[in-house]
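# Structure assessment
Given next are the chains, with one letter for each unit.
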Amino acid sequence: MAERPEDLNLPNAVITRIIKEALPDGVNVSKEARRAISQAASVFVLYATSCANNFAMKAKRKTLNAGDVLAAMEEMEFERFLEPLREALEVYKKGQKGKKEVSEQKRKDKEKKAGSDNDKSREEEEEDDHMEEEEPPEEEAEEEEVEN
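Residues numbered from 1 in each chain as written. Predicted model: local features only at pLDDT ≥ 70, side-chain atom pairs only at ≥ 80, totals over all residues. Heavy atoms only, no water.

Filter applied, for reference: UniProt positions are given in the numbering used here, feature names are shortened, and annotations may be inferred rather than shown by experiment.
In the annotation of an unreviewed UniProt entry, the entry for the chain reads DNA polymerase epsilon subunit 3, and the organism field reads Betta splendens. One UniProt comment on the chain, placed under Subcellular location (unreviewed entry), says "Nucleus".

Here it is, written out as structure tokens:
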């Protein structure tokens, strides 16, 4: 838990970006208004989290999930946000699934490459072994030249 009330506030850069995206171009927001919006957003997040936690506790879970948040939104009478939240959750899940598939494919490609590199290394070692068998050691070759 946060030790000071200021620790519970969302970052100013995030709040400013959200405000700019929500308002038409050319609309200015005072520093005082940004601060008030930031505090209101923090209170909202804390309240939504508390409500969602109640649903998780009723289900005897310690981990909040998306269903808990959706149920909390409904309990807080924010039903009009449920459908956009569900849609955003679906987009997020699809994105995560895509990332997982890409990551899995990269891992497989890396393993495949490592396997082929090991095969090449084995082939190179075998070639070196064959060359060593065919050529006399360098010391012996030098001694023969000196004797001649």
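## Digging into the pattern of salt bridges
Definition in use: Here, a salt bridge means any side-chain nitrogen of Lys or Arg that lies within 4 Å of a carboxyl oxygen of Asp or Glu. Secondary structure elements follow DSSP: runs of H or I no shorter than four residues count as helices, runs of E no shorter than two count as strands, and numbering proceeds from the N terminus. The buried label applies to any residue whose accessible area, calculated with a 1.4 Å probe on protein chains only, is under 20% of its type's maximum; exposed applies above 50%, and partly exposed to all values in between.
Under the definition given, this model contains five salt bridges. One salt bridge connects Glu-104 with Arg-107, and the closest N-O pair in it is separated by 2.2 Å. Of this pair, Glu-104 and Arg-107 are both found in helix H4 (residues 82-134), three residues apart, which corresponds to roughly one turn of the helix. The exposure class of Glu-104 is partly exposed, given its relative accessible area of 32%. Arg-107 gets classed as partly exposed once you look at its relative accessible area, which sits at 38%. A salt bridge links Arg-107 to Glu-111, with the nearest nitrogen and oxygen atoms 2.6 Å apart. Here the residue Arg-107 and the residue Glu-111 both occupy positions in helix H4, the gap between them amounting to four residues, near one helical turn. The class for Glu-111 is partly exposed, based on a relative accessible area of 47%. The network of salt bridges with shared partners includes Glu-104, Arg-107 and Glu-111.

## Let's talk about the nonpolar core
Formally: Among the buried residues, those of types Ala, Val, Leu, Ile, Met, Phe, Trp, Tyr and Cys that are joined through side-chain atoms within 4.5 Å form a nonpolar core.
Within the largest apolar cluster, eight residues are counted, these being Ala-48, Cys-51, Ala-52, Leu-70, Ala-72, Met-73, Met-76 and Leu-82. Counting residues per element, the ones that place at least two in this core are helix H2 (31-58) and helix H3 (66-75).

## Digging into H3
Worth spelling out the cut-off: Polar contacts here mean pairs of N or O atoms no more than 3.5 Å apart (in protein, one a potential hydrogen donor and the other a potential acceptor; neighbouring residues in sequence count only if both atoms are side-chain atoms).
Among the residues of H3, those classed as buried are Asp-68, Leu-70, Ala-72 and Met-73. N-cap assignment for H3: the residue whose side-chain oxygen lies 3.0 Å from the backbone N of Gly-67 is Asn-65.

## Details of the layout of surface pockets
Put simply, the rule is: Only protein atoms enter the calculation, which uses a 1 Å grid: trapped sets of points that fit a 1.4 Å probe without letting it out are cavities, open sets showing protein on both sides within 12 Å along at least five of seven lines are pockets, and any residue with an atom within 4 Å of a point is a lining residue. Grid points are joined across faces, edges and corners, and a volume is the space filled by probe spheres set on the points. In this classification, the charged set is Asp, Glu, Lys and Arg, the nonpolar set is Ala, Val, Leu, Ile, Met, Phe, Trp, Tyr, Cys and Pro, and all remaining amino acids, among them Gly, are polar.
Within this model, the largest pocket holds a volume of roughly 190 Å³. As for the largest pocket, its lining consists of Phe-44, Val-45, Ala-48, Thr-49, Ala-52, Leu-64, Val-69, Met-73 and Leu-85. Those elements that provide at least two residues to the lining of the largest pocket are H2 and H3. It is H2 that contributes the most residues to the lining of the largest pocket, five residues altogether. Here the residues of the lining of the largest pocket are counted per class, giving eight nonpolar, one polar and no charged. Estimates place the volume of the second largest pocket at around 150 Å³.

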